[in-house]
Amino acid sequence: MTESRMDFRKAKFLISAPDIAHLNQYLPGDAGVEIAFAGRSNAGKSSALNMLTDQKGLARTSKTPGRTQLINVFELDEHRRLVDLPGYGFAQVPLALKKKWQHALGEYLQERQCLAGVVVLMDIRHPLKDLDMQMISWAVESEIPVLALLTKADKMKQSERMKMINEVRKHLGDYDDRVKVEPFSSLKGLGKPKVLSILNEWCQPQWLMDAIAEAENADESEDEA
């Protein structure tokens with residue numbers, strides 16, 4: 001089966017779960033492919049998801065950072081999902097609640113076997129904070145591809161933007177091709193085609209394409225019988 005273009009506009013809300021145990025109840029078998037969106041609570045995850053899917057209200061946005069308290073799952077089709085993880089590092093909430101969010105985030109990343117890629121969103125004006133680097137390092141060590149997405153890129157002039165992009169790429173250079181770095185603006189759509197191309201590739205690993213082709217062939221054989 002040849003790779004096709006995923007239609008991310010078909011994304012629809014599936015479930016919200018407070019932790020991995022509840023998620024596994026809704027999605028037993030840990031099957032298919034999931035792409036996770038992670039980042040500090042003010043990095044613009046929800047806005048990015050809305051822009052990438054051409055749906056203003058898919059992911060809830062708020063003027064108050066840190067409102068994403070649950071693991072929110074959006075279905076592309078029966079095999080593929082986008083996952084909005086709890087934000088980290090900024091939300092003005094009680095420490096106990098923040099620890100609960102962090103625990104849910106860690107559990108998902110460590111236990112979800114169908115995780116095919118992690119988009120780590122960082123404000124281009126303040127990238128590579130400690131928690132961002134921990135997230136990137138963990139994913140690389142787990143052999144999961146990473147897209148370091150520098151959000152709010154419209155807030156910088158082009159020359160400043162390119163300088164920051166090059167600095168981040170240089171800083172992450174030891175990871176080679178395991179980490180891609182791209183600018184993005186939810187407001188202007190900057191970087192959207194490139195990001196969708198990367199997500200499209202992650203959504204179609206060869207093992208999944210082979211499994212889908214095998215299932216389709218089996219269905220055709222049953223119809224002919």
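Residues numbered from 1 in each chain as written. Predicted model: local features only at pLDDT ≥ 70, side-chain atom pairs only at ≥ 80, totals over all residues. Heavy atoms only, no water.

Q: What am I meant to see in helix α4 (residues 130–141) here?
A: For an α-helix, 3.6 residues make a turn, and residues three or four places apart therefore share a direction. Between its first and last C-alpha, α4 extends 16 Å over twelve residues, near the 16 Å set by a 1.5 Å rise per residue. Those residues of α4 that fall on the buried side of the exposure criterion are Asp132, Met133, Met135, Ile136, Ser137, Ala139 and Val140. Phi turns positive, to about 60 degrees, at glutamate 143, one or two residues after α4. (Helix = DSSP H or I, 4+ residues; strand = E, 2+ residues; numbered from the N terminus. Expected span 1.5 Å × (residues − 1). Buried < 20%, exposed > 50% of the residue type's maximum accessible area, 1.4 Å probe, protein only.)

Q: I would appreciate a short explanation of the nonpolar core in the present structure.
A: Across soluble globular proteins, nonpolar side chains show a tendency to be buried alongside one another. Of all hydrophobic cores here, the largest spans 39 residues; its most connected members are Leu23, Leu85, Tyr108, Ile136 and Leu172. When residues in this core are grouped by element, the largest group, five residues, is from α4. Sequence-distant contacts of leucine 23, that is, excluding residues within four places in its chain, are made with Ile15, Ala17, Ile71, Val73, Tyr108 and Arg112. Membership of the second largest hydrophobic core comes to 26 residues, among which are Leu52, Val119, Phe184 and Leu196. (Core = buried A, V, L, I, M, F, W, Y, C linked by side-chain atoms within 4.5 Å. Contact = heavy atoms within 4.5 Å.)

Q: Would you take a moment to explain the pattern of salt bridges for this structure?
A: For side chains bearing opposite charge, pairing can occur when the charged atoms are close. Scanning the entire structure with this criterion turns up eleven salt bridges. The salt bridge partner of arginine 9 is aspartate 7, with a shortest N-O separation of 3.0 Å. For aspartate 7, a relative accessible area of 25% translates into the label partly exposed. For the salt bridge of arginine 125 with aspartate 123, the shortest nitrogen-to-oxygen distance reads 2.8 Å. The exposure class of arginine 125 is partly exposed, given its relative accessible area of 36%. Within the structure, one salt-bridge network assembled from shared partners comprises Asp30, Glu34, Arg81 and Arg112. (Salt bridge = Lys/Arg side-chain N within 4 Å of Asp/Glu carboxyl O.)

Q: Explain the layout of surface pockets to me, please; I cannot follow it from the model alone.
A: Estimated volume of the second largest pocket: approximately 240 Å³. In this structure, the second largest pocket is lined by Tyr88, Gln102, Leu105, Gly106, Leu109, Gln110, Leu131, Gln134, Met135 and Trp138. By residue number, the principal contributor to the lining of the second largest pocket is helix α3 (residues 95–111), which donates five residues. Grouping the amino acids of the lining of the second largest pocket by side-chain chemistry returns six nonpolar, four polar and no charged. (1 Å grid on protein atoms, 1.4 Å probe; cavity = no way out; pocket = protein on both sides within 12 Å on 5 of 7 lines; lining within 4 Å. Points joined across faces, edges and corners; volume = space filled by probe spheres on them. Nonpolar A, V, L, I, M, F, W, Y, C, P; charged D, E, K, R; others polar.)

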